Structure formats: C-alpha cells, structure tokens
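# Inside the fold
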Amino acid sequence: MNADPLHLAIAAARDGRRDDARALLMRMLEAEPRNERAWLWLSGVVDDPGDVKICLENVLALNPSNARARQGLEWLHVRVGLPLPPSPPPERSGGSTEREIDSSAFSLTRLRAYQATLADVAAAPAPETASRSSPSPVRRSVQTTPPPVSGRAAVQNGASAVNRVPATSAARLASIETDDATIPCPYCGAPTVEAQRRCTQCGGNLLVRVALSDEQSLIVSALVWLWRGGAIATMLLALIFPALGTFLYQENPASGFPIGILIPAVILVLVGVIGFSVARRLAQRSVWALYLSVVLTMAGLIGALALVARPDALIAILDQLLGARTIPPDWLALLLSGVSVVAIGAIVAHIAAIALTAVGYTAIAGKLERFRHILKLADHVTHYNNGVALKNRGMWYAASLEWEWAVKKAPYDVTCLRALGLAYARLKQFDKARAMLDRATQAAPNQPDLAEDRALVERLAAQKER
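Residues numbered from 1 in each chain as written. Predicted model: local features only at pLDDT ≥ 70, side-chain atom pairs only at ≥ 80, totals over all residues. Heavy atoms only, no water.

## Re the layout of surface pockets
- In this structure, the largest pocket encloses a volume near 1,400 Å³.
- The wall of the largest pocket is formed by 42 residues, among which Thr 234, Leu 237, Leu 268, Val 342 and Ala 346 lie closest to the centre.
- Mapped by element, the contributors of at least two residues to the lining of the largest pocket are helix 9 (218-238), helix 10 (240-251), helix 11 (262-283), helix 12 (287-309), helix 13 (312-322) and helix 14 (329-359).
- The dominant element in the lining of the largest pocket, judged by the number of residues it contributes, is helix 14, at eleven residues. (1 Å grid on protein atoms, 1.4 Å probe; cavity = no way out; pocket = protein on both sides within 12 Å on 5 of 7 lines; lining within 4 Å. Points joined across faces, edges and corners; volume = space filled by probe spheres on them. Helix = DSSP H or I, 4+ residues; strand = E, 2+ residues; numbered from the N terminus.)

Put into structure tokens, the structure is as follows:
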C-alpha cells in the first residue's frame, strides 16, 4: 500500500470509508494547506453544502482554472441556491493575487467556517472555457404514469436503511477530477466508482440491463430455430407409440388396443407444445423463457444420456405399459437401435442449445451496465413522473433530483413539494424535508396529510439524534 496520506485518503474514499478519508485529508491539509488536490477530494467526503463550498473555493483560490471545482460550485448553486463562484480574474502581467489558506480554519471533527484573506501568490494562467462532458444516456426508460405519492408509508418503508446512509451533496460528484470521477448512488447518493456493482453504503444494486436492440442477433435466431426443430422432432417421435399400439392390436385384436402405450405419446406432445412456446418467447427475447429453456435443456440432456447408457430401460417401461402384451423380437431390435440413434442426436442438439444459450444470453436478457441517472430538463409533470418511477425502484436520491427540478418549475405545486420533502426525509436531510413540507403547507394549509408528514419527519429526526 502507498504510504502517501493523499493516496491513503483517496483509497478510503473509494472504499466508502468517508470518515477515515475526511480525517486523513484534514490532517494533511493542516500541514499542507495549499494542496489543491487534497481540498478537491475533501469536498467529496464532507456532508454539509457549506463545507463543500469552502473546499471548492479553496481549490479555486489556489488554481482559478480548475474546471472541476467551478462545476462543483455550479452544482451547489443549482441544488441548494448557494451563490455562483465569481469568474476567474484575468491574467495580469507583473502582478499577482493570492488567497491565504488558513490551516486553523478547520478541525478534525468538522470543517469550520473559512474566512479568506488576500495576499501575494504567483498568478495562475487564464483558464480555458470549461465545458461539461456529456453524460452517457440512461439505458432504460423510467417514465411512468404518476401514481399518488405514498406519504408516511413511503418514508417508513426501509427506514432502517435510511439511518445507515450518510447525506450526500451533489456538488461533490462534480468536484472530483476527471481521472478520479465518481458516480452518485441512485439509492442514497453516496459516491461510488465505475467498477462497483453494489453501493457500499446502502447495498443497492448499481447495475441495470441495457435496452435491447430492435434487430435480432443470428445467435438468437439459431437458438429459436433449434427449439422449433426440437419441438417438431418431438412431435414426430410421439407418433411412434400410437403406431406401435396399432401394430400390436392388429397382431392380437382380442386383447384390445393397448391404451397405456399412448402415455409416452401424450407426454411427448406436451413437450413439443412447450418447445414451440419457448421458441416463440425466445424470438420475443423473453427472459423467463430463457431461464425455462435452460432448465428444459438440462433435463433433456440428462434424459438423453440415460437412454444412451441404458436403452433397455425404455423397453422395461414399455413392458409395464403394455401389460400382458410383448413386443416382437424383430421390432424390439429395431426399437433399441432407433432409441440409441435418437438419444445421440438429442445429446448433440442439447449441447448445441446450451452453447447458443450461453453465447446469446446478453442478446436476450440484455447486458448489465452501470446505472447513471441523467437529468433532462422538461416540464414539472415530466420531472415528477420520472421521480415517481425512480422512487418505485427504490432510487430515492435520483428521484429527489427529478423532484427538485419539478419544484423549480412549479414552486407552489403541493404534490411536487410533498414528494421532495418525503425524499429528503428518506435521505436523512431533515432540514430540507421540513422546508419543503412547510412550503407545501403554506400552499395548501387545509391538507391534513401534510401535518402528518411533518410530524413523521420530526419523529425520524429524533430517532436519528438518539
């Protein structure tokens, strides 16, 4: 392990050990208050938006051209209304500006308010215009018809999980350097890295299935036709048993038609019908049909291997079904040969089906990729609908981002205010939850549910303090 404190702090932050990372960075900054990268990482492991603002302003004081810090302050402006950072000063010839970084302005327990002073420092070069990188699009649509927001139950369900999730400022997500970029957990907002499959804070699954292409792959087509061919072959094999029963009846009409011989035929017909249904569903790329096909393929392969190993077992079963009748020796030899050929062919077909299923799995089920929620500005109804869909998937942090914009678009919409207040309560941001519910109460003072929600927030806040 690298003994450098900054590397240790970065490793702790990436592992979700935010308290350890914060302590390491603050000890480091007490000794090196001009460490730009340490201030930038510290902005990602403090919770209070004011503290995040202090860290990012210190980064800009040391390097006014740091685009990531400026973007982080812009996020704070959008999220919590803090003022935008001033434009970087133009480069001066022969002059200099400096902002003194006061190492006594913070403690090991919590970053205190920072008071800036001006002094001399080498002028930083004029920054290039910073442009935000375009995020990758969301792979699955999450917009749904907006059901009513479930108030108290929506916050109470999973309240224990909320108590384990630290509050997270969106500013930190934009403040990390490009090569150390983090992605917010859509469930709790905790910073995560690209390689994570689950959030270390709330345990939420960070992977989603990519939307499937409209074009069917050749592998899926081959698998579908293999299942159709297998279903047809099974139907043809089912005809052998009625034919055998008819032959035995002609040999000895007095004994009547052997009804028992039709049982294997009925079973094979049912298997064939299931095979056609699986083939049709695989063509539609149904995931449950894919899993059912795996189960049936494995069962068929085991049965085919058993027939190759013990072909006489089928004869013993037929003898039980025929009762007193016996199969003529010449028919018996032909039947055994046919069973061996069919079993070997079935083994080959089932192995091919297993191989095609393994190769074509992602083409049917969809490839797993990291979920990234991208905000696309729209009207307040669209943002509300998107938030409801995300909330229904347990993604409260992503839902809060949508509802924040819904409130910005419609500041007095009671439904949007209430939804955002409950989302803040779920994320343990109780001051914001109170503010939203108070605004909703002012807009609709006679709505009793708002008073109940407000009381619930107070109870949850009291539980957190205990």
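## Observations regarding the environment of Pro 49
- Tracing the backbone shows Pro 49 in helix 4 (residues 49-62).
- Exposure remark for Pro 49: the relative accessible area of 18% places this residue in the buried category.
- Between the alpha carbons of Pro 49 and His 77 there is a distance of 10.0 Å; along the sequence they are 28 residues apart. (Buried < 20%, exposed > 50% of the residue type's maximum accessible area, 1.4 Å probe, protein only.)

## Brief notes about unusual backbone geometry
- Even without a glycine there, the phi angle at Arg 285 is positive, about 60 degrees.
- One can find Arg 285 in the loop between helix 11 and helix 12.
- Residue classification places Arg 285 among the buried positions, given a relative accessible area of 17%.
- The residue Lys 428 is not glycine, and still its phi comes out positive at about 65 degrees.
- Within the fold, Lys 428 resides in the loop between helix 18 (414-426) and helix 19 (430-443).

## Some words on the nonpolar core
- Counting 41 residues, the largest nonpolar core has Cys 185, Cys 199 and Trp 403 as its most contacted members.
- Setting aside residues no more than four positions away along its own chain, Trp 403 makes contact with His 383, Tyr 384, Gly 387, Val 388, Lys 391, Trp 396, Ala 419, Leu 420 and Ala 423.
- Membership of the second largest hydrophobic core comes to 25 residues, among which are Ala 21, Leu 56, Val 59 and Leu 73. (Core = buried A, V, L, I, M, F, W, Y, C linked by side-chain atoms within 4.5 Å. Contact = heavy atoms within 4.5 Å.)

## Digging into helix 10
- Here helix 10 is twelve residues long and its end C-alpha atoms lie 17 Å apart, about the 16 Å a rise of 1.5 Å per residue gives.
- Taken as a whole, helix 10 has its buried residues at Phe 241, Leu 244, Gly 245, Phe 247 and Leu 248. Viewed along the axis of helix 10, the buried residues span an arc of 160 degrees, placing them on a single side of the element.
- Summarising the contacts, the buried residues of helix 10 are in contact with helix 9, helix 11, helix 13 and helix 14. (Expected span 1.5 Å × (residues − 1). Arc of directions from axis to C-beta.)

## Quick word on helix 4
- Over its 14 residues, helix 4 runs 20 Å from end to end, which matches the ideal 20 Å to within 8%, given 1.5 Å per residue.
- With respect to burial, helix 4 is a largely interior element, eleven of its 14 residues being buried.
- Here helix 4 has its buried residues at Pro 49, Asp 51, Val 52, Lys 53, Ile 54, Cys 55, Leu 56, Asn 58, Val 59, Leu 60 and Ala 61.

## Observations regarding the pattern of salt bridges
- Enumeration over the complete set of coordinates arrives at nine salt bridges.
- The partner of Glu 57 in a salt bridge is Lys 53, with the nearest N and O atoms 2.4 Å apart. Here Lys 53 and Glu 57 lie together in helix 4, a separation of four residues that amounts to about one turn.
- Take Glu 57: its relative accessible area is 22%, and that puts it in the partly exposed class.
- Classification of Lys 53 by relative accessible area gives buried; the value is 18%.
- Here Glu 458 ties to Arg 454 by a salt bridge, and the two come within 2.2 Å at their closest N and O atoms. Here Glu 458 and its partner Arg 454 are both found in helix 20 (residues 448-465), four residues apart, which amounts to about one turn of the helix. (Salt bridge = Lys/Arg side-chain N within 4 Å of Asp/Glu carboxyl O.)

## A look at the packing of aromatic side chains
- The tally for this structure, following the rule as stated, stands at four aromatic pairs.
- Ring geometry for Tyr 249 against Phe 257: centres 6.5 Å apart, planes inclined by 55 degrees, an arrangement best described as tilted.
- Ring pairing ties together the aromatic residues Tyr 384, Trp 396 and Trp 403, which thus form one cluster.
- Between Arg 228 and the ring centre of Trp 225, over which it is positioned, the NZ or CZ distance is 4.6 Å.
- Directly above the aromatic system of Trp 405 lies the positively charged group of Lys 408, at a separation of 5.8 Å from the ring centroid. (Phe/Tyr/Trp six-rings, centres within 6.5 Å; stacked < 30°, edge-to-face > 60°. Lys NZ or Arg CZ within 6 Å of the ring centre and 35° of its normal.)

## Concerning a nonpolar patch on the surface
- Taken together, Ile 232, Leu 236, Leu 239 and Phe 276 make up a surface patch of nonpolar side chains, about 390 Å² in accessible area.
- Relative to the assigned elements, Leu 236 resides in helix 9.
- Classification of Leu 236 as exposed rests on a relative accessible area of 53%. (Patch = residues over 30% accessible without salt bridge, like charges linked within 9 Å, V, L, I, M, F, W, Y side chains within 5 Å. Areas by Shrake-Rupley, 256 points an atom, 1.4 Å probe, with all protein chains shown as cover.)

Such coordinate-based values are descriptive only and should not be taken to indicate function.
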